[in-house]
Amino acid sequence: MNWLDIGSLEDAWSDHEGRVTLDSQQDYELLDARNTPEGFSLLFKRPFSTCDPHDYVIEEGTVHLIFSILDQPIHSLRQLNVSRLQPGVQRILLLRPDAPSPSLPSDVRTLEVLAPDIVIPDQETTYWCYMYQLPPNMPKNHIVMYEAVVSVGNEAIVHHMEVFECSPHMDSVPQYSGSCDSKMKPTKLNSCRHVLAAWALGAEPFYYPSDAGLPLGGEGSSRFLRLEVHYHNPLIMSGRRDSSGIRLWFTPSLRRFDAGIMELGLVYTPVMAIPPHQHTFHLTGYCTAECTRTALPPGGIHIFASQLHTHLAGRGVRTVLVRGGREVEVVQEDKHFSTHYQIIRILRKMVTVLPGDVLLTKCTYNTEDRVEATVGGFGIMEEMCVNYVHYYPRTQLELCKSHVDPDYLQKYFSIINRFHGGDSCSCSQTTVEDQFSAVTWDSFSAEVLDSLYTTSPISMHCNQSIAELFPGDWEKRKIPQVLTELQPAARPCDPSRAPAQSNGPTEVRPRRSG
């Protein structure tokens, strides 16, 4: 779009060298244009799928809006080369449920769980833990909304935050504020694993549905909470103070259902890795039928919201429900995921998960700019594959995740070393990270690793809220079989349904207001 008093709205596309060409099929219809003191705005419409190979298909998930502002007007697209511009980007969900956020009850109260004015360590990645105590004998309430509280100036450093409730079996928990990885951290903090709130970069305030709330206080709960803040400090700034955390909005007027939060996907472990130089590489985490059969009530659970999470190499995340070997429903999918926009998404339709169902969470990664393997872990240059699902009624199933069996990974290292003329020893006495660093990466090494991850047995983490496994045999389990996959919805691209074409741009005559 370019404009003076009269400008034009043009449907165009650019090639890999940044040259811009006017599209022969003009699919945008201008509805309004105006100048205001706040700036210039356009209102237009376009079909979600235009059947034009040069157009972006608008679908659910993150949309990256890329824009540039020119120093002066142009009079022809031949004058424009997008590779020479300084672009900006805005990430949004163009398609989302129209339902407004529920209103908060009149008796709502707030509780802030904040870092106590800490000094952010001068290192790239820090996970900071802080213990918080609820008032003694606090009666049961329902959390009905929560939101992030990020210290001014630290918006680019605070990557994600979680509030965990400790095991109700613990009468006391030592006060602690420090690195979650420190040897000084009390071991009791490892039993604080029940998620009360999870926020990540880009997320908005989260409202529970009007008939559900997350329990806080009361019988069977703990008065000890653990705040965990992930700081991403790539510039290694020192002396920066922070009091970020999460604000909980709760009510004593209990709702019909107790809600819960469950983690799906991959365990944070270096045994799950992505080779370097990959345009597309997939990793899948499993919540198996054995786990859901063990942990879910007979009537199942109902998922109403979802928050996807990866680090910098993540490009897409998809969680699908499998029943009887058939994919029956997509829980959540984002084909254009960004770690900088991890909004909690309310589902258009609740998904019911029954005992014996399987949940597959597949993440897509791109490592074309990396020369070493990217292993799973907590660092921003390491990777994760997670879906935090919000559901009701609450169960004791806190985490349903997997990773490849480590013994089979050692067989992989042995095969690859022998293929490249090295020592066939699996070298299990060295770290997995060192073993991946020693791999000679070529197409064979990457393909064999992909085959290992899609065929080898897995270790299941079917964890209770008290950070203990449910009873069962969770090692060397077979990967769940998917006999029938969901097919993508057909798009209306036959000639009889294609949009009418226009041979030229739409003239823009901006209104002036204010």
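For every chain, the first residue of the written sequence is number 1, and numbering continues from 1 along that sequence. Only residues with pLDDT of 70 or above have their local features reported here, since the model is predicted, and side-chain atom pairs are shown and tallied only from 80 upward, although totals for entire chains, interfaces and linings are computed over all residues. Hydrogens are left out, water is left out, and the side-chain values use all remaining heavy atoms of the structure.

As recorded in an unreviewed UniProt entry, the chain goes by the name Dopamine beta-hydroxylase, listed as coming from Ictalurus punctatus. UniProt positions are given in the numbering used here, feature names are shortened, and annotations may be inferred rather than shown by experiment. Per its UniProt entry, the chain bears the Cofactor (unreviewed entry) comment "Cu(2+)". Within the UniProt record for the chain, the comment given under Sequence similarities (unreviewed entry) is "Belongs to the copper type II ascorbate-dependent monooxygenase family."

Trainee: So what's going on with the environment of Gln 464? Residues and values would help.
Mentor: A helix here means a DSSP run of H or I that spans at least four residues, while a strand means a run of E at least two residues long, and both kinds are numbered starting from the N terminus. With respect to the element layout, Gln 464 can be found in strand S32 (residues 458-464). Along the primary structure Gln 464 and Gly 300 are separated by 164 residues, whereas in three dimensions their C-alpha atoms are 16 Å apart. Whether two residues touch is decided by their heavy atoms; if any such pair falls within 4.5 Å, the residues are in contact. If near-sequence neighbours (up to four positions away) are discounted, Gln 464 is found in contact with Gln 396, Glu 398, Leu 469, Phe 470 and Pro 471. Polar contact criterion, stated in full: a pair of N or O atoms within 3.5 Å, where within protein one must be able to donate a hydrogen and the other to accept it, and residues adjacent in sequence count only if both atoms are side-chain atoms. At 3.1 Å, the side chain of Gln 464 forms a polar contact with the backbone oxygen of Leu 469.

Trainee: Now, about the sheet that holds strand S17 (residues 224-232): what can you tell me, with residues and values included?
Mentor: One key point about sheets: their strands pair by backbone hydrogen bonds, in either a parallel or an antiparallel sense. Strands are labelled as partners when DSSP assigns at least two bridges between them. Read across the sheet, 5 strands follow the order S13-S10-S17-S12-S14 without closing on themselves; strand pairing throughout is antiparallel. Sheet topology places strand S13 (177-179) and strand S14 (194-200) at the edges, where each strand pairs with a single neighbour. Taken over all neighbouring pairs, the strand axes of this sheet differ in orientation by 20 degrees on average, direction set aside. Of the strand pairs in this sheet, strand S12 (residues 158-165) and S17 are connected by 7 bridges, and their pairing is antiparallel. Looking at the pairing, Glu 165 lines up with Leu 225 of S17. Simply put, an axis is a line fit to the C-alpha atoms, just over the touching stretch for a helix, and the angle between two N-to-C directions goes from 0 to 180 degrees.

Trainee: Lay out the packing of helix H2 (residues 406-419) against helix H4 (residues 443-455) with the relevant residues and their values.
Mentor: It is at 11 Å that the axes of H2 and H4 come closest, and there the two elements cross at 160 degrees. Between H2 and H4, the crossing angle belongs to the class labelled roughly antiparallel. As H2 runs across H4, the sense of the crossing is right-handed. Residues Tyr 408, Leu 409, Tyr 412, Ile 416 and Phe 419 of H2 pack against Phe 444, Ser 445, Val 448, Leu 449 and Leu 452 of H4. The classification used treats Ala, Val, Leu, Ile, Met, Phe, Trp, Tyr, Cys and Pro as nonpolar, Asp, Glu, Lys and Arg as charged, and all other residues, Gly among them, as polar. Of the residues belonging to the contact of H2 with H4, the class tally is 9 nonpolar, 1 polar and no charged. Any angle between 65 and 115 degrees counts as roughly perpendicular, while under 35 counts as roughly parallel, over 145 as roughly antiparallel, and the rest as oblique. In this scheme the crossing of two helices becomes right-handed for a clockwise turn of the near helix relative to the far one and left-handed for an anticlockwise turn of less than a right angle.

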